[in-house]
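# Breakdown of the fold
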Amino acid sequence: MTTLDGKAVAAAIRLELKSRAQAFEARAGRKIGLAVVLVGDDPASQVYVRNKAKACEETGIRSLTLTFPHNAPQGEIVRAVTSLADDTTVDGILVQLPLPDRLDAAAILAAIPPQKDVDGFSAENLGKLARNERACVACTPRGVMELLSRYRIETRGKHAVVIGRSNIVGRPMALLLLNADATVTVCHSQTKNLREECARADILVSAVGKPAFVTADMVKEGAVVVDVGISRINGKLCGDVAYEEVSERAAYLTPVPGGVGPMTIAMLLTNTVEAAERGLK
């Protein structure tokens, strides 16, 4: 079994992006800018934002974080996002999710122009992906595809199964695999015979957030298994896949941590660099 090492691949991508960021700065006379909007004090979100800022620094991207208290009015947050949208030194904007339940996340995200939507969550970018047109693609699914590509794993003609149908991972993941000529099945909480559907997959992507949800009897011998899920049990991170038993059947498998997670941040940086480069043309 080969481990799909997202940490190593992400480090290589950051090096590649660093040279592109330097080239942009030489042409534009400024650094590429990424703005993050953080609302509330969710510990996991704070960790994610710090990791993004660190990755930006390593890559030569200017990182700006706007922090709002948990009770900040919706209008104040929308005005801040609109201001960032008008700022010509900001190339990418992301609003850290989840937002507090009292806020209308869709309305806040809608204030981000599609060309600065480096999370790839806008209706326009998701629609372009569905039409197989160039778009800002959601970072986690794009990271999965990049990981498969870097390990030279063929998708054309393969049967891919995606567990999960969220707009953040499952749906764009299915579209990317379809655009890469895979035959795609999307499974979810209402899927009948889930175990049998998964066991037919050449490429199995799980994004449900349930520890050890995918067991060995759900995995075809020699399959590629990508674990997008992340949970914490007794302070330890774990994924959707029962790693030890599945590693006995899979040909390729991502670890948690160190698999898809680092690739997600690498693709956020990639989307930001690409957005800046498009703005120069």
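Heads up: these notes are all about the structure in this document. (Residues numbered from 1 in each chain as written. Predicted model: local features only at pLDDT ≥ 70, side-chain atom pairs only at ≥ 80, totals over all residues. Heavy atoms only, no water.)

### Quick notes on the sheet that holds strand E4 (residues 92–95)
So the rule is basically this: Should DSSP find at least two bridges between two strands, the strands are regarded as paired. Segments assigned H or I by DSSP are reported as helices when at least four residues long, segments assigned E as strands when at least two residues long, and all are numbered from the N terminus. Inter-axis angles, ranging from 0 to 180 degrees, are taken between N-to-C directions of lines fitted to C-alpha atoms, where helices are fitted over the stretch in contact. It only takes one pair of heavy atoms within 4.5 Å for two residues to be counted as in contact.
With parallel pairing, the 3 strands of this open sheet are ordered in space as E3-E2-E4. With partners counted over all chains shown, the strands left at the sheet margins are strand E3 (62–68) and E4, one partner each. Strand-to-strand, the axes of this sheet are offset by a mean angle of 15 degrees, without reference to chain direction. Inspection of the sheet shows strand E2 (residues 33–39) paired to E4 by 4 bridges, in the parallel sense. Paired with valine 36 across the strands is leucine 94, a residue of E4. Across the face of the sheet, helix H2 (residues 43–59) comes into contact with E2, E3 and E4 while running at roughly 170 degrees to E2. Docked against the sheet, helix H3 (residues 74–86) engages E2, E3 and E4, running at close to 165 degrees with respect to E3.

### Describing the state of the cysteines
Note the following rule: Any pair of cysteine sulfurs within 2.5 Å is marked as a disulfide. Burial here depends on accessible area, computed with a 1.4 Å probe over protein chains only, as a share of the maximum for the residue type. Under 20% is buried, over 50% is exposed, and the range in between is partly exposed.
Scanning all chains against the criterion turns up 0 disulfides. As a non-bridged cysteine, cysteine 56 has cysteine 139 as the owner of its nearest cysteine sulfur, 11 Å distant. Overall, cysteine 56 belongs to the buried group, its relative accessible area being 1%. Cysteine 139 takes part in no disulfide bond, and the closest cysteine sulfur, belonging to cysteine 136, lies 7.9 Å away. For cysteine 139, a relative accessible area of 4% gives the class buried.

### What to know about the nonpolar core
Rule in force here: The set of buried Ala, Val, Leu, Ile, Met, Phe, Trp, Tyr and Cys residues whose side-chain atoms join them within 4.5 Å is what this entry labels a nonpolar core.
By size, the foremost hydrophobic cluster in this structure holds 47 residues, and its most contacted members are Leu34 and Val226. Counting residues per element, this core draws most heavily on helix H10 (residues 260–280), which supplies 9 residues. Ranked by size, the runner-up nonpolar core spans 18 residues in total, among them Val39, Ala80, Leu103 and Ala111.

### Structural notes on the environment of tyrosine 252
By secondary structure assignment, the location of tyrosine 252 is in strand E11 (residues 252–253). The sequence separation of tyrosine 252 and leucine 148 amounts to 104 residues, and the corresponding C-alpha distance is 9.7 Å. Apart from residues lying up to four places away in sequence, tyrosine 252 is in contact with Met1, Thr2, Leu4, Ile153, Ala223, Val224 and Val225.

### Overview of unusual backbone geometry
Residues other than glycine predominantly adopt negative phi, and peptide bonds predominantly adopt the trans conformation. Along the chain, leucine 97 connects to proline 98 via a cis peptide bond; the corresponding omega equals 5 degrees. Here the residue pair valine 256 and proline 257 is connected by a cis peptide bond, since its omega of 0 degrees sits within 30 degrees of zero. Mapped onto the fold, proline 257 is located in the loop between E11 and H10. You will see that asparagine 193, though not glycine, has its phi angle at about 55 degrees, which is positive. In this fold, asparagine 193 is placed in the loop between strand E6 (183–187) and helix H8 (194–199). By relative accessible area, asparagine 193 is classed as exposed at 53%. Not every positive phi belongs to a glycine, and alanine 212 is a case in point at roughly 55 degrees.

### Focus on the pairing of strand E7 (residues 203–206)
Neither face of E7 is open: one carries Ile203 and Val205, the other Leu204 and Ser206, and all of them are buried. In the sheet, strand E5 (residues 159–163) pairs with E7 via 4 bridges, with the strands oriented parallel. Across the sheet, the residue bridging to valine 161 is leucine 204, located in E7.

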